[in-house]
Amino acid sequence: MQNPWDDLPHERPWVLPVDRPHVDAFNRHIGLNPDYVIDSDLFPEPCLGNREAPVVVLNRNPGIGENDPGIHCRPEYIAALRANLTEDPRGHRLVGLLPQFQDTPAARWLKRLFRALFNEGHSPEDLARQVLLVEFHGYHAKSWRPFPITLPSQSWGFSLVEQAISREATIVVMRGRRDWEIAVPALHGYQELVEVRSPQTSALSPRNCEPFDLVRQALSHA
């Protein structure tokens, strides 16, 4: 399907025009609890990484780290995030694993997520192109609160997961499995799906993932 993120503005607020009425209305109604407000000053991250990756990690939405407001003012960081939203595969990388962005909250989160794989000898450079991260929606908030509708942009992210199933990628649902299985029904009963014991742990590891060997095998053939 057509990539809606081609229409993302080049200045704040960073919200797609087709999503903005819903995001603005959501923020008006949720305003009494700032933990759930969508921060449109932070660049959206609906997906990061190689869209042909052998391992796909599904999450809910990008959070807000303590230093994110400053990081999201750096032109080179925004350029790297935006490159993930284009159709040029050369820019499809997990930005937080790139050497120039090791000081970012995204880098710290990815280091926790991949610690077990690093210990097994996988390099950040390799994982930056071997894993695709897809968010249920791409807008930043401190805490998760679902929209009462499906945003127009979400269907594109769901299509990336459908493509991953078609190529028999290993898929790890870190958070929101019920929501993901409703949005992408083919996930239910999918043979290459990895179970997560503790979504709060945010670790792609033998202790937290079953069967972790699916991840190992997928990366070994990358």
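Shown above is the structure to which this text applies.
Note that this is a predicted model, so its numbers are computed, not measured.

(A) Region of interest: the pairing of strand β2 (residues 55-59). Counted residue by residue, β2 has 5 buried out of 5 residues, so it is predominantly covered. The alternating pattern of β2 places V55, V57 and N59 and V56 and L58 on opposite faces, both of which are buried. By the bridge criterion, 5 bridges tie β2 to strand β3 (residues 131-135) in an arrangement that is parallel. Bridge pairing in β3 links V56 to L132. Relative to strand β4 (residues 170-173), β2 runs parallel, the two being bridged by 4 bridges. By the bridge assignment for β4, V55 is matched with T170.

(B) Region of interest: the sheet that holds strand β1 (residues 47-49). Pairing is mixed across the open sheet formed by 6 strands, whose spatial order is β1-β3-β2-β4-β5-β6. In the strand order of this sheet, the two ends are held by β1 and β6 (209-210), each with one partner. With 3 bridges joining them, β1 and β3 adopt antiparallel strand pairing. In the strand pairing of β3, L48 is matched with L133.

(C) Quick look at the pairing of strand β5 (residues 193-196). Where β4 and β5 come together, 2 bridges link them in parallel fashion. Note on β5: the bridge partner recorded for V172 is V194. The handedness of the β4 to β5 crossover, carried by helix α8 (residues 177-183), is right-handed. Both β5 and β6 contribute to a ladder of 2 bridges, which runs antiparallel. Bridging across to β6, E195 finds its partner in E210.

About the thresholds
Residues numbered from 1 in each chain as written. Predicted model: local features only at pLDDT ≥ 70, side-chain atom pairs only at ≥ 80, totals over all residues. Heavy atoms only, no water. Buried < 20%, exposed > 50% of the residue type's maximum accessible area, 1.4 Å probe, protein only. Helix = DSSP H or I, 4+ residues; strand = E, 2+ residues; numbered from the N terminus. Pairing = 2+ DSSP bridges. Right-handed = clockwise from strand over helix to strand, strands pointing away.

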